[in-house]
Amino acid sequence: MQRVESAIEKAVKLRSHGIFISETFELARQQAKRAIENGITPFPVVIKDCFLTKGIPTTCASQMLEKYVPPVDATVVERIVAKGGCIVGKANLDEFCMGTSSALGHFGPVKSALSKISEDDWIIPGGSSGGSAVAVQTGIADVALGSDTGGSTRNPAAFNGIFGFKPTHGVLSRYGLIPLVNSLDTPSIFARSAEECWQFLEALKGVDSFDSTSIDLPDKRAIDSVKGLRIGVPLEYHNECLSEIGWRYWNRVVGTLKKDGAEIKQLSLPTTKYSLACYSVIAAADVASNMARYDSVAYGHRSSNDSSTNEMYASSRSESLNTVVRRRIFAGNYFLMRKYRKLYYERALKIRRIINDELLSAFEQVDVIITPTASGTAPKYSELRDTLFSKEDDDDYFTQAANLAGVPSISVPVGNNDGLPIGIQLMANRLNDRTVCDVARILSNRL
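Per an unreviewed UniProt entry, the chain carries the name Glutamyl-tRNA(Gln) amidotransferase subunit A, mitochondrial and comes from Caenorhabditis japonica. Under Catalytic activity (unreviewed entry), UniProt gives the following word-for-word description of the chain: "L-glutamyl-tRNA(Gln) + L-glutamine + ATP + H2O = L-glutaminyl-tRNA(Gln) + L-glutamate + ADP + phosphate + H(+)". Recorded in UniProt under Function (unreviewed entry), the annotation for the chain is "Allows the formation of correctly charged Gln-tRNA(Gln) through the transamidation of misacylated Glu-tRNA(Gln) in the mitochondria. The reaction takes place in the presence of glutamine and ATP through an activated gamma-phospho-Glu-tRNA(Gln)."

Next comes the structure, spelled out in structure tokens:
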């Protein structure tokens, strides 16, 4: 109970960082009491505000869902509460999970706690799961739930110096995760250690009758040493996007693994350079389809401009969805038009298959692939704003392939530059989630 009260106290002190959309302090206290009555040790958790929480607003950081209160819990939320999780609040994010800065939500930006903040500028916490990451980094939560479509958990984990784990697609149920990009979205975990990432995965995993894509995770033997482990280093990740400091830490970590007995192999993943374009087309197409449900008839923001049905649809969506979301809807509908579908969407699906096959072929040669998680350290908001957020694409390059192939990956904090953390990403073949967590644990203990 004391741990939960301490988390609430920290959450109040750090309100200026915009970590939460909804604070649920009384609910956390009630859940802590129930856990103690059931002989379970309670612990504070934070839930990204794109997971359904029964009786608590779930907004996706959008005016469209500002007043939406779901009647059910997401499966992962239900399971973590059953294990003693006490929900301190719903974490802030980029609107409808679209962005890597957590600065584009309807309720204001998330501001990193790694440096002093001002009204006009701050260190970006990464995104889209920035609120969840900052909650763990500041010690408010022992664990936080995020979602990962193209790096939305690993990116903020790297920028905040914590662990961000995206499991194999399907290992964690997506029931109750507001659908945006069905084929890429994965519930994910933030924690302060690789051991905790694995422990919480074990608590949350399992087939869910409400999610037909959910799968079982087979038991794997734990790894206690990297000696003899085959580590792949893909050449294409050393590119113009990668900063000097990012390269230096990547090279240093590879050297440490080699010194400890790992076998280092150079790999070529030539189609990776198309992953950003491929992701952009597939994600936009899925977004256009999924966002069609927000017509303001059954639920959601409804404009007062309702002189006709079409006018009500258009005005409601224009008023309540930000520019990024609207652009992706426009792009997705364009890609899905009959005369452009083959040119863009079907071609993107073919490229995705090639990226998938290249990764799976690589995992026949190596056990783990190691890459940077992002191009470097977290930028300031002003840097992103002045470049029209183009740097987000540079960072996305390193993380999207894992989503396109559905393989497990984890961001590991490996150092810092001028007080800002650097992260390294580990990937393994599908259902080898234990392997990436074990290697992450060994690596973090070694550094």
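The secondary structure content of the chain amounts to 15 helices and 11 strands. Taken over the C-alpha trace, the chain has a radius of gyration of 21 Å; the compact-globule value for 447 residues is 22 Å, and the two agree within 12%. Over its C-alpha atoms, taken along the principal directions, the chain stretches across nearly 70 × 60 × 45 Å. Out of the 447 residues belonging to the chain, those deemed buried represent 59%. Excluding contacts between residues fewer than 6 apart, the proportion of contacts in the chain whose partners are at least 24 apart in sequence is 76%. Accessible surface computed for the chain: about 17,900 Å², of which carbon and sulfur atoms make up 48%. Positive and negative side-chain charges in the chain, numbering 51 and 50 respectively, have mean positions lying 2 Å apart.

Another aspect to go through is the packing of aromatic side chains. By the definition in use, this model includes 14 aromatic pairs. Consider the rings of Tyr237 and Phe398, whose centres lie 6.1 Å apart with planes at 45°: the pair is tilted. A residue pair is termed long-range when its members are at least 10 positions apart, and Tyr237 in the loop between strand S7 (230-234) and helix H7 (244-259) and Phe398 in the loop between helix H13 (391-396) and helix H14 (400-405) qualify at 161 residues. The interplanar angle of 25° and the centroid separation of 4.3 Å between the aromatic rings of Tyr334 and Tyr340 together place this pair among those described as stacked. The exposure class of Tyr334 is partly exposed, given its relative accessible area of 33%.

Okay, the environment of Glu196 next. The topology assignment puts Glu196 in helix H6 (residues 194-204). As for Glu196 and Thr24, which are separated by 172 residues in sequence, their C-alpha atoms are 23 Å apart. With near-sequence residues (within four places) excluded, Glu196 lies in contact with Asp142 and Ala191.

What follows deals with the pattern of salt bridges. Inspection of every chain in the model, using the stated rule, returns 16 salt bridges. One salt bridge connects Asp142 with Arg3, and the closest N-O pair in it is separated by 2.8 Å. Pair noted here: Asp142 is in the loop between helix H4 (130-137) and strand S4 (143-148) and Arg3 is in helix H1 (residues 2-13), with a separation of 139 residues, a long-range link. Judged by relative accessible area, which is 15%, Asp142 ranks as buried. Across the salt bridge formed by Asp438 and Arg434, the nearest N and O atoms sit 3.3 Å from each other. In this pair, Asp438 and Arg434 both sit in helix H15 (residues 433-446), 4 residues apart, roughly one turn of the helix. Asp438 sits in the buried class, given a relative accessible area of 4%. Connected via shared salt-bridge partners are Arg3, Asp142 and Arg192.

This part covers the sheet that holds strand S9 (residues 368-372). Strand order in the open sheet made by the 11 strands is S1-S3-S2-S4-S6-S5-S10-S11-S9-S7-S8, with mixed pairing throughout. This sheet does not close on itself; its edge strands, each paired only once, are strand S1 (20-23) and strand S8 (263-267). Strand-to-strand twist across the sheet, computed as the mean angle between neighbouring axes with direction ignored, equals 30°. With 3 bridges joining them, S1 and strand S3 (residues 85-91) adopt antiparallel strand pairing. The residue bridging Phe20 from the neighbouring strand is Ala91, located in S3. Contacts from H1 reach S1, strand S2 (43-48) and S3, with the element oriented near 45° to S2.

Further remarks concern the environment of Ala402. With respect to the helices and strands, the residue Ala402 is situated in helix H14. When its relative accessible area of 0% is taken as the criterion, Ala402 is described as buried.

The rules behind the values
- Throughout this description, residue numbers start from 1 for each chain and increase along the sequence as written.
- Side-chain atom pairs in this predicted model are given and counted only at pLDDT of 80 or more, local residue features only at pLDDT of at least 70, and totals for whole chains, interfaces and linings cover all residues.
- Based on all heavy atoms of the structure, the side-chain values leave hydrogens and waters out of the count.
- UniProt positions are given in the numbering used here, feature names are shortened, and annotations may be inferred rather than shown by experiment.
- Each helix corresponds to a stretch of at least 4 residues labelled H or I by DSSP, and each strand to a stretch of at least 2 residues labelled E; elements are numbered beginning at the N terminus.
- C-alpha atoms define the radius of gyration, and 2.2 Å times the number of residues to the power 0.38 defines the globule rule.
- Per-residue accessibility, obtained with a 1.4 Å probe over protein chains only, is compared with the maximum for each type, and a residue is labelled buried under 20%, exposed over 50%, and partly exposed between these values.
- Contacts were defined at the residue level, with two residues in contact if any of their heavy atoms lie within 4.5 Å.
- Per-residue and other accessible areas were derived by the Shrake-Rupley procedure at a 1.4 Å probe size, with only the shown protein chains allowed to occlude residues.
- Note that His is not counted, nor are the chain ends; the positive residues are Lys and Arg, and the negative ones are Asp and Glu.
- Charge placement uses NZ in Lys and CZ in Arg. For Asp and Glu, CG and CD serve respectively.
- Only Phe, Tyr and Trp rings are paired, with Trp represented by its six-membered ring, and only when their centres lie within 6.5 Å; those with planes under 30 degrees apart are stacked, over 60 edge-to-face, the remainder tilted.
- The working definition used for a salt bridge is a side-chain nitrogen of Lys or Arg within 4 Å of a carboxyl oxygen of Asp or Glu.
- Whether two strands pair comes down to DSSP finding at least two bridges between them.
- Axis definition: a line fit to C-alpha positions, over the contact stretch in the case of helices; interaxial angles, taken between N-to-C directions, run 0 to 180 degrees.

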